[in-house]
Amino acid sequence: MGPSDVVAIDLENGLTLVECKLASNQEVRREIIGQVLDYALRFLRMSVEDFDSQWISRTGRSLF
């Protein structure tokens, strides 16, 4: 999975994904929605611990 624009973790360890697109983006809306649904499905299957492990592998630091 590539990087997403914004990921938030709430106090109950819920993950929220935000994908931002420019209005001038030439991609078809169907492609954009498909990208967001793909990201959401991957996050749905991922625990906070798994997300933190991926974060550590990219940044060298834990979120916690």
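Summary of the structure given here. From a predicted model like this one, the values you see are computed outputs, not experimental measurements.

Next up on the list: the overall build of the protein. Within the protein, the regular secondary structure consists of 2 helices and 2 strands. When the elements of the protein are put in sequence order from the N terminus, they spell out β-β-α-α. By its C-alpha atoms, the protein is 35 × 20 × 20 Å across when sized along the principal axes. Long-range contacts, defined as pairs at least 24 residues apart, comprise 36% of the intrachain contacts of the protein with a sequence gap of at least 6. If you average the places of the 7 positive and of the 10 negative side-chain charges in the protein, the two averages end up 7 Å apart.

Looking at the secondary structure, you find Ile9 in strand S1 (residues 6-9). Not counting the four nearest positions on each side in its chain, Ile9 is found in contact with Gly14, Leu15, Phe51, Leu63 and Phe64.

Moving on, we get to the environment of Glu19. Mapped onto the secondary structure, Glu19 falls in the loop between strand S2 (15-18) and helix H1 (29-44). Beyond its immediate sequence surroundings of up to four residues, Glu19 is in contact with Ser4, Asp5, Gln35, Val36 and Tyr39. One polar contact links Glu19 to Gln35, side chain to side chain, over a distance of 3.5 Å.

The next subject is helix H2 (residues 48-59). With 12 residues, H2 ought to run about 16 Å at 1.5 Å a step, and its terminal C-alpha atoms sit 16 Å apart, in line with that. For H2, the complete set of buried residues consists of Val48, Phe51 and Asp52. Within H2, the buried residues cover an arc of 100° as seen down the axis, which keeps them to one side. Away from the buried face of H2 by more than 90 degrees, exposed residues Glu49 and Ser57 are located. Contacts made by the buried residues of H2 are with S1, S2 and H1. A positive phi of about 80° marks Gly60, the residue just after H2.

What counts and what doesn't
Residues numbered from 1 in each chain as written. Predicted model: local features only at pLDDT ≥ 70, side-chain atom pairs only at ≥ 80, totals over all residues. Heavy atoms only, no water. Helix = DSSP H or I, 4+ residues; strand = E, 2+ residues; numbered from the N terminus. Contact = heavy atoms within 4.5 Å. Lys, Arg positive; Asp, Glu negative; His and termini not counted. Charge placed at Lys NZ, Arg CZ, Asp CG, Glu CD. Polar contact = N/O pair within 3.5 Å; in protein donor to acceptor, adjacent residues only side chain to side chain. Expected span 1.5 Å × (residues − 1). Buried < 20%, exposed > 50% of the residue type's maximum accessible area, 1.4 Å probe, protein only. Arc of directions from axis to C-beta.

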